[in-house]
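Each chain, written out:
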Amino acid sequence: MGLNMAICELEAENALCRELKTDTVRVLVEPVDGFEEISQYDMFVPLGKAKEAVGDWEAFLKRNRLSAEVDAVYLDKVKNKADLEALQPLAEKRHTGWIELSEVSAADRERALEASLPENRVTAWHMISFDEMNETCARCELSWDKGRGCIGTFGPSNSLLPEIAARHGCEIVASVFELAEDAQRLDAAKAGKLKEEVAVLRQALPAEGKMMVRRYSGVLDRLEAMAEVCDREGCRFYFF
């Protein structure tokens, strides 16, 4: 399993993704109790009722291009107009728990946000395409990994770089494995210290052997690039 490193980009005013990533547009509330009136929902017909309503089940599945493994029939999947008309009177509502924040009042937005978990929130950043994300990262001053973004690879979990760092008094790099256990955030002041450690390790690696130079020079480049951004922008960084 590999380790990665990243910056807390939302702490930096110059992050081009900041506005989109802080604009929450959808949330999932579980359980949905108390949010039924503002939650999105699906209309479906239970399997037994659907079979009775459409008659020839195999023909129904074929003309609507549905899988034989369905456990219910959702109206938005029914393509045939006659089938849809036959099923609509039997349809039941099933709340999904998803709430579009732009469609509800300010009070309900606040209430839904409080009831949702951070991992169950969709921001405007999630709504753009991967091409748009990549283009934004390529233009961003915080994209320290050669324009590919603000997250990069530290190396495998058996990397020897922390061990080498410990022998040379480089405390941050020596502690990477421990820091990654809980993704501990290191403040921007530590970025200057990390740059100093990179300089020490660049001088020390040749004495560790040519293999170590080849293996870890790229890692040192990434550590330095990340540290420079954090030092300049005043944002924290972490390993995970």
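Anything mentioned here points back to the structure above.
In this text, all values refer to a predicted model and were calculated from it rather than measured experimentally.

## A word on unusual backbone geometry
Line of reasoning, step 1. With an omega of -5 degrees, the peptide bond running from Glu 30 to Pro 31 counts as cis.
Line of reasoning, step 2. A positive phi is found at Arg 65, a non-glycine position, where the angle reads about 55 degrees.
Line of reasoning, step 3. Positionally, Arg 65 belongs in the loop between helix H3 (57–63) and strand E4 (72–74).

## A word on the pattern of salt bridges
Line of reasoning, step 1. According to the stated counting rule, one finds 15 salt bridges in the structure shown.
Line of reasoning, step 2. Residue Arg 236 is joined to Glu 11 by a salt bridge in which the shortest nitrogen-to-oxygen separation is 2.6 Å. Remark: Glu 11 occurs in the loop between strand E1 (2–7) and helix H1 (18–21) and Arg 236 occurs in the loop between helix H11 (210–233) and strand E9 (237–239); sequence separation between them is 225 residues.
Line of reasoning, step 3. Its relative accessible area of 33% is what places Arg 236 among the partly exposed residues.
Line of reasoning, step 4. A salt bridge links Asp 145 to Arg 148, with the nearest nitrogen and oxygen atoms 3.1 Å apart.
Line of reasoning, step 5. In this structure Asp 145 comes out as buried when scored by relative accessible area, which is 11%.
Line of reasoning, step 6. Linked through salt bridges whose partners overlap, the residues forming this network are Glu 163, Arg 167 and Glu 208.

Cut-off values and rules
- Residues numbered from 1 in each chain as written.
- Predicted model: local features only at pLDDT ≥ 70, side-chain atom pairs only at ≥ 80, totals over all residues.
- Heavy atoms only, no water.
- Helix = DSSP H or I, 4+ residues; strand = E, 2+ residues; numbered from the N terminus.
- Salt bridge = Lys/Arg side-chain N within 4 Å of Asp/Glu carboxyl O.
- Buried < 20%, exposed > 50% of the residue type's maximum accessible area, 1.4 Å probe, protein only.

Don't take any of this as a statement about function, it's just geometry.
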